[in-house]
Amino acid sequence: MRSPSAGAPCVTHPPADALTDPQSIKGFLDPEEGAALVRYAVATAGLGPFLEIGGYCGKSALYLGTAAKAAGTRLFSIDHHRGSEEHQPGEEYFDPELYDEVAGAVDTLPAFRRNIYAAGLEPWVIAMVGKSADIAAYWSTPLGFVFIDGGHSMTAAQADYDGWAMKVAPGGILAIHDVFPNPEDGGRPPYEIWKQAVASKQYEPVERIRTLEVLRRL
Ligand code: SAH
Ligand code: MG
């Protein structure tokens, strides 16, 4: 199905002055990495929908939502929207603008929704609010493109790999963010799951763009 469902009341009309630059919103994705996400995702057209783990405020979703629109599919964006370890109060990437005083917790969902609306991408981006592993347990649709950009603990990264890597269709793409082969540059868990993907013989490494590793499902 190429066009969004007609008349669905939950999907707004795009704003006249649509937000077009994903780099103008909060988030953690280099423009070259974003461009690579779009390039590889669009090339999987026909293999299945796209899915990301780690929506945050919608930066990568703006890139991948644009790609989904071009490919005639949808982006499912997973996030519990309570932030990773480094986003919590007192941690390095805590942002007081993303804190819900009533809940006493980080909440990035309002910003995510605002940004997807502003970009005119609501028909193509479907937010799934929950933990990656919980959603993976109920998911069986083969995916054309999966982007892992969630928690950076070994437990979180492993759960993302275990939950999603084998749900990519043959010929589809798995992209992993924040991969640092040199331990001096950053944490190891994303690199560890990249190594597992290569060792599984189910994937071939395709390209590295800054900290983004791209693999193709065999
Ligand atoms: N892709 C985003 C950045 C993601 S930051 C961008 O382009 O800017 C990582 C996100 O992963 C955080 O918002 C955090 O809430 C989410 N996250 C961490 N662990 C998770 C888990 N187990 N399930 C779902 N989301 C998780
Ligand atoms: Mg990241």
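This one's a predicted model, so the numbers in the text were calculated from it and none came from an experiment.

(A) Quick peek at the packing of helix α5 (residues 154-164) against helix α6 (residues 189-199). The N-to-C vectors of α5 and α6 enclose an angle of 30 degrees; their axes lie 9 Å apart at closest approach. If you check the angle between α5 and α6, you find them roughly parallel. Of the two possible hands of crossing, α5 and α6 adopt the one that is right-handed. Contacts between α5 and α6 pair Met154, Ala157, Gln158 and Tyr161 from the former with Pro189, Pro190, Glu192, Ile193, Gln196 and Ala197 from the latter. In the contact of α5 with α6, the residues fall into seven nonpolar, two polar and one charged.

(B) View of the sheet that holds strand β2 (residues 75-79). In spatial order, the strands read β5-β2-β1-β6-β7-β9-β8; together these seven strands make up an open sheet with mixed pairing. Edge positions in the sheet fall to β5 (125-129) and β8 (203-209), since each has one partner strand and no second. Pairwise comparison of adjacent strand axes, ignoring direction, gives a mean angle of 20 degrees for this sheet. For β8 and strand β9 (residues 212-217), the ladder comprises six bridges, and the chain directions are antiparallel. When the sheet's bridge partners are listed, tyrosine 203 is paired in β9 with arginine 217.

Rules used in this analysis
- Residues numbered from 1 in each chain as written.
- Chains lettered and ligands numbered in written order.
- Predicted model: local features only at pLDDT ≥ 70, side-chain atom pairs only at ≥ 80, totals over all residues.
- Heavy atoms only, no water.
- Axes fitted to C-alpha atoms, helices over the stretch in contact; angles between N-to-C directions.
- Helix = DSSP H or I, 4+ residues; strand = E, 2+ residues; numbered from the N terminus.
- Parallel < 35°, antiparallel > 145°, perpendicular 65-115°, else oblique.
- Left-handed = near helix turned anticlockwise from the far one by under 90°.
- Contact = heavy atoms within 4.5 Å.
- Nonpolar A, V, L, I, M, F, W, Y, C, P; charged D, E, K, R; others polar.
- Pairing = 2+ DSSP bridges.

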